[in-house]
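The lines below spell out each chain.
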Amino acid sequence: MHALLRFSIITLILVGSVGVALLLRFSSEPAPKRAVETTAVLVDTVPVERINANFTVRSQGTVRPLTETILSAEVSGTVVELADQFVAGGLFNAGDVLLRIDPTNYRVAVDQADALVKQRQIEYDGAKKLRSSGLRAESEYASAAAQLATARAELTRARRDLERTAIRLPYDGMVRSKAVDIGQFVTPGSRLGVTFATEAAEVRLPLTDADLAFVALPDIGSTGETGPAVTLSAERRGQLAEWKARIVRTEGVVDETSRVSYAVARVVDPYALRRVGEVLPMGTFVRAEIEGQSEQDILRVPRRALRGSDQLMLMEEGGLLRIRTVDVRRTNADWAYIADGVSEGERVITTVLESPVNGMLVRSAEPVEEAAASTGQTVDDTGS
């Protein structure tokens, strides 16, 4: 009896639970469905500009003398005289005596050679007179003539050796270093010092193959000042100084290690001896901006908009992102110059996106405004 009652109670509870569940299910209203919204990514955009660009090619190098001389003794002797300007950094004029080797023995040699010439001249004149009178043979006359010629050659050599005791140079210049002092004995070949001309200096500028496409260099073998203008710059006394130069030649070879070619720029009067301006000492490391060729109607976008080496992200109509491969003509730190692949006025996305895909929805962070540079504007560009 008790078991039957317990079974009846459990059955009533189960039936009641099922009934309540069915009632709740059919009486409740279905929950409203929410539409999935796609949010457009906020980006910065700029328009593609069309300009006329004057490209400038950058390079760098070290200032070297156009003419440099290692002074060596041509005769032996003791150094008896040094000019005041024969010190490192001393300036001298063409023909100045920088140092003198003891000339005593060489003056004696000149006097001896001169006396011998006079003696041989007398002998020659006598032989010539006797030959004309038929009293001397032709061979004796020829011997006297040969001895006179030898004596004259010895006199010329003695005079030349005497001149070599005074060290002079045929150009205005500066002493880089000196290697002798008063009282030092030198022999032929002894190093005396190093000098260089102050008339001009040169800078070897490495150029890549890409740079060569933008610079009108002189023909190989040409040494005239027919190349493009160059502006050199360096820090001097804590301030940026500039000097004007010009490409005068190319070296005509490609460096096997770095794969670059070298153009040579020349600076006139680097030590400002005949002009007003800043001095450009030898050995100065300078940056160079070489005047390059012009490009008409080329497209320009900010350098930061370029993805990799040749891709741009554009915002097309309807706010769709489109990744496009373009023909990049040249780049620098600020701009990328495009030859083909985009059109003037198209909006380029400059915001860095982590995973951009074609068709992504984007919206501009600012109202579309016209670029500051109008169509046909000419700008100067320093290429990389």
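Residues numbered from 1 in each chain as written. Predicted model: local features only at pLDDT ≥ 70, side-chain atom pairs only at ≥ 80, totals over all residues. Heavy atoms only, no water.

As a further point, take the packing of aromatic side chains. By the definition in use, this model includes five aromatic pairs. Relative to Phe 214, the ring of Phe 55 lies with its centre 5.0 Å away and its plane at 70°, an arrangement referred to as edge-to-face. A residue pair is termed long-range when its members are at least 10 positions apart, and Phe 55 in strand β3 (residues 49-65) and Phe 214 in the loop between α4 (209-212) and β13 (229-236) qualify at 159 residues. Side by side, Phe 55 and Phe 214 carry an identical accessibility label, which is buried. (Phe/Tyr/Trp six-rings, centres within 6.5 Å; stacked < 30°, edge-to-face > 60°. Helix = DSSP H or I, 4+ residues; strand = E, 2+ residues; numbered from the N terminus. Buried < 20%, exposed > 50% of the residue type's maximum accessible area, 1.4 Å probe, protein only.)

Moving on, we come to the confidence of the model for the protein. Counting all residues, the mean pLDDT for the protein is 86, and 84% of those residues have values of 70 or more. The least confident element of the protein is strand β23 (residues 377-383), whose mean pLDDT is 54; the most confident is strand β11 (residues 191-197), at 97. For the stretch residues 368-378, pLDDT sits under 50, and the model shows 17 contacts to residues farther than four places along the chain or on other chains. (pLDDT = per-residue confidence, 0-100. Contact = heavy atoms within 4.5 Å.)

This paragraph deals with helix α2 (residues 104-133). Over its 30 residues, α2 extends 44 Å from the first C-alpha to the last, a length consistent with the 44 Å expected when each residue adds 1.5 Å. All buried positions along α2 are accounted for by Tyr 106, Val 110, Ala 113, Val 117, Tyr 124 and Ala 127. Buried residues belonging to α2 abut α3 (138-163). (Expected span 1.5 Å × (residues − 1).)

A separate point is the packing of α2 against α3. Here α2 crosses α3 at 160°, and the two axes come no closer than 8 Å. Relative to α3, the element α2 is oriented roughly antiparallel. Handedness of the α2/α3 crossing: left-handed. Classifying every residue of the contact of α2 with α3 gives 16 nonpolar, two polar and twelve charged. (Axes fitted to C-alpha atoms, helices over the stretch in contact; angles between N-to-C directions. Parallel < 35°, antiparallel > 145°, perpendicular 65-115°, else oblique. Left-handed = near helix turned anticlockwise from the far one by under 90°. Nonpolar A, V, L, I, M, F, W, Y, C, P; charged D, E, K, R; others polar.)

Within the open sheet, the four strands sit side by side as β4-β11-β9-β6. Their pairing is antiparallel. Each end of this open sheet is capped by a strand with a single partner; those strands are β4 (68-72) and β6 (91-92). Bridge analysis of β4 against β11 gives five bridges, and the strand direction is antiparallel. Along β11, the bridge assignment pairs Ile 70 with Val 194. (Pairing = 2+ DSSP bridges.)

All right, on to the pattern of salt bridges then. A side chain with one charge may pair with a side chain of the opposite charge, provided their charged atoms come close. Enumeration according to the criterion identifies 22 salt bridges in this entry. Between Arg 160 and Glu 163 there is a salt bridge whose closest N-O contact spans 3.0 Å. Placement of both Arg 160 and Glu 163 in helix α3 is noted, with a separation of three residues, approximately one turn of the helix. Across the salt bridge formed by Glu 278 and Arg 237, the nearest N and O atoms sit 4.0 Å from each other. One end of the pair, Glu 278, is in the loop between β15 (261-268) and β16 (285-302); the other, Arg 237, is in the loop between β13 and β14 (239-254), and 41 residues separate them in sequence. If you follow the salt bridges from partner to partner, you end up with Glu 316, Arg 322, Arg 324 and Glu 346 in one network. (Salt bridge = Lys/Arg side-chain N within 4 Å of Asp/Glu carboxyl O.)

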